[in-house]
Amino acid sequence: MNGLDFDYELNHTSSNNTNPLDPEEFRRQGHMIVDFLADYYVDIEKYPVLSQVEPGYLQQRLPKSTPHDLEPIETILQDMKDHIIPSITHSQSPNFFAYFPSTSSIAGFLVATELEMIVMDGLGEILNQPNSFPFSGNGGGVIQVTTCEVILCTMVVARDQMLRRDGRQNIEKMVVYGSDQTHSALQKAAKIARIHSKNFRAIKTTKSTSFTLSPDSLRSAILADMEAGLIPLYLCANVGTTSMTVIDPLGPLCDVAKDYGLWVHIDAAYAGSACICPEFRHFMDGVEGVNSLSLNAHKWLFTPLDCCCLWVKDLSALIKSLSTYPEFLRNKASYSKQVVDYKEWQITLSRRFRALKLWFVLRSYGAANLRNFMRSHVKVAKLFEGIVAMDKRFEIVVPRNFAMICFRINLPSTMVLESINASGRVYMTHTVLEDVYVLQFAVGVGV
């Protein structure tokens, strides 16, 4: 065939084994990796929580190798123990085994899709979501990579709906709204969706209202934009912001948005998972008025990264904006709408079997145990909050929400934070609120 000698390629590989996944070798290496991970968890408290290494660490210490080198698994694991493990931030993920099967090369698209539908409806039921979100209504759920992707997808849907109504020439007039506490993912999504930079509104919040987004402030901003000839498009409200777990008043905000036809998305990346507990469910009051909702199961629901859960009320709008039907992907089931085709719900074409991770977590722990884990985290946070409140050197900046406390100290705070993290026993972060440097203490939160 045009002079290509395929037998030559097969006979001159770096290994005599042409099977890339020999079952017995896989079994042997698998046992070694599980033992390695078990030993890691036994010894995890010997490692600093936050990596203590400097940039360039691995380049200096990791043995140089090329893709042509064939090394035994024993050498690879030893290098991980000596060089990789000391250079990472350590946390105890309780469900590594959920990650194993989900990373396999699985081509069972129908099975993966159906399991994802079951898992998303099941999690929605545990969260006591309105009937408009499950597949039995007009909605449905999908697992995407991160909140950044979710906000972009939903913003594109909102944009396309508006363009079809008002004409494509009006894209420069569309306005996106959030608070000054909303994650920067909103601004990035607006840039990618071609929202003019001058039409991004980060509405100011204040300590007097615990930094929540005021419905009156939102309405004032919308009216000012409309008077200027602009078109209100999209609102991102929060249930648990990154800086201090701010919880916006969903119901009143949805009422304002409805008056002016905005798409409302709820970013519940961190705190949304806690709403599986009945005592926290009221933080979602008003969710029936939103168009879409997302939470990150890889933050507080014990699921390995990446696992961002998105629910939408109107599947048809999502699919209309994100669908493509090239000939090489056409098939009878998808074309006839007999099945859910998740490639029409996201940016990428390919996708991993993420549902398997979440399914594993939900089944292996159960809702009752997951609730108890979260309650224990909140209990620890309450204990820490009490200790801080009794010490006159500290000031709690905003009331605790869920398992995060934001406080300041009457000392150079940057030095205090650096000292805490350098100890290796705790990892804390910071934020700035009204020009005040604030320390953050969060329990049980992932990336």
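Residues numbered from 1 in each chain as written. Predicted model: local features only at pLDDT ≥ 70, side-chain atom pairs only at ≥ 80, totals over all residues. Heavy atoms only, no water.

Draft legend 1. Here's a closer look at the side chain of T241. Topologically, T241 is positioned in the loop between β4 (231–238) and α10 (250–260). Excluding its chain neighbours within four sequence positions, the residues that come into contact with T241 are Q181 and V246. (Helix = DSSP H or I, 4+ residues; strand = E, 2+ residues; numbered from the N terminus. Contact = heavy atoms within 4.5 Å.)

Draft legend 2. Representation of the pairing of strand β10 (residues 429–433) in the model. As judged from the five bridges shared by β10 and strand β11 (residues 436–442), these two strands associate in the antiparallel manner. By the bridge assignment, T431 is partnered in β11 with V438. Here β10 folds back onto β11 in antiparallel fashion, the turn holding two residues, of which E434 has a positive phi close to 50 degrees. (Pairing = 2+ DSSP bridges.)

Draft legend 3. Molecular detail of the packing of helix α7 (residues 147–166) against helix α8 (residues 185–192). Direction vectors running N to C along α7 and α8 enclose 45 degrees, while the axes themselves pass 9 Å from each other. Classified by the interaxial angle, the pair formed by α7 and α8 is oblique. Between α7 and α8 the crossing geometry is right-handed. Across the interface between the two elements, C148, I151, L152 and M155 of α7 pack against A185, L186, A189, A190 and I192 of α8. A breakdown of the residues in the contact of α7 with α8 according to their chemical character gives nine nonpolar, no polar and no charged. (Axes fitted to C-alpha atoms, helices over the stretch in contact; angles between N-to-C directions. Parallel < 35°, antiparallel > 145°, perpendicular 65-115°, else oblique. Left-handed = near helix turned anticlockwise from the far one by under 90°. Nonpolar A, V, L, I, M, F, W, Y, C, P; charged D, E, K, R; others polar.)

Draft legend 4. How the structure looks around the sheet that holds strand β8 (residues 394–401). Taken in spatial order, the four strands line up as β8-β9-β11-β10 in an open sheet, and their pairing is antiparallel. Unpaired on one side and paired on the other, β8 and β10 mark the two borders of the sheet. The mean angle between the axes of side-by-side strands here comes to 30 degrees, regardless of whether they run parallel or antiparallel. Of the strand pairs in this sheet, β8 and strand β9 (residues 404–409) are connected by five bridges, and their pairing is antiparallel.

Draft legend 5. Region of the structure containing the packing of α7 against helix α12 (residues 315–322). As a packed pair, α7 and α12 sit with axes 9 Å apart at the nearest point and diverge in direction by 90 degrees. If you check the angle between α7 and α12, you find them roughly perpendicular. Here α7 contributes C153, V156, V157, D160, Q161 and R164 to the contact with α12, which in turn contributes A317, L318, K320, S321 and L322. Of the residues belonging to the contact of α7 with α12, the class tally is six nonpolar, two polar and three charged.

Draft legend 6. Geometry of α7. For α7, with 20 residues, the first-to-last C-alpha span of 28 Å sits near the 28 Å given by 1.5 Å per residue. In terms of burial, α7 is largely enclosed, as 15 of its 20 residues are buried. One or two positions beyond α7, positive phi appears at G167, with a value near 100 degrees. (Expected span 1.5 Å × (residues − 1). Buried < 20%, exposed > 50% of the residue type's maximum accessible area, 1.4 Å probe, protein only.)

Draft legend 7. Layout of the packing of aromatic side chains. Following the criterion strictly, the structure yields twelve aromatic pairs and no others. Plain terms: the ring middles of Y270 and F402 are 6.4 Å apart, the flat faces sit at 75 degrees to each other, and that makes the pair edge-to-face. Taken as a pair, Y270 in the loop between β5 (263–267) and β6 (292–296) and F402 in the loop between β8 and β9 lie far apart in primary sequence, 132 residues in all. As far as the burial class goes, Y270 and F402 line up, both buried. (Phe/Tyr/Trp six-rings, centres within 6.5 Å; stacked < 30°, edge-to-face > 60°.)

Draft legend 8. The arrangement of the UniProt feature "modified residue: N6-(pyridoxal phosphate)lysine" (unreviewed entry) in the chain in detail. As recorded in UniProt, the feature "modified residue: N6-(pyridoxal phosphate)lysine" (unreviewed entry) lies at K299. Among the structural elements, K299 can be located in helix α11 (residues 297–300). (UniProt positions renumbered as here; feature names shortened; annotations may be inferred.)

Draft legend 9. Local environment of the sheet that holds strand β2 (residues 174–179). Spatially, the seven strands line up as an open sheet ordered β1-β7-β6-β5-β4-β2-β3, and their pairing is mixed. Two strands lie at the open edges of the sheet, namely β1 (140–144) and β3 (200–203), each paired on one side alone. Mean inter-strand twist for the sheet, computed between neighbouring axes without regard to direction, equals 20 degrees. Bridge analysis of β2 against β4 gives four bridges, and the strand direction is parallel. Counted as the bridge partner of M174 is I231 from β4. The sheet strands contacting α7 are β1, β2, β4, β5, β6 and β7 (308–312), and the helix crosses β4 at an angle near 155 degrees.

Draft legend 10. Layout of the pattern of salt bridges. With the rule as written, the count across this model stands at 13 salt bridges. Of the charged contacts in the structure, one is a salt bridge between E25 and R28, with a shortest N-O distance of 2.8 Å. With a gap of three residues between them, E25 and R28 both fall in helix α2 (residues 23–42), about one helical turn apart. In this structure, R375 engages E279 in a salt bridge whose closest nitrogen and oxygen atoms are separated by 2.7 Å. Of this pair, R375 sits in helix α14 (residues 354–390) while E279 sits in the loop between β5 and β6; the two residues are 96 residues apart in sequence, bridging distant segments of the chain. (Salt bridge = Lys/Arg side-chain N within 4 Å of Asp/Glu carboxyl O.)

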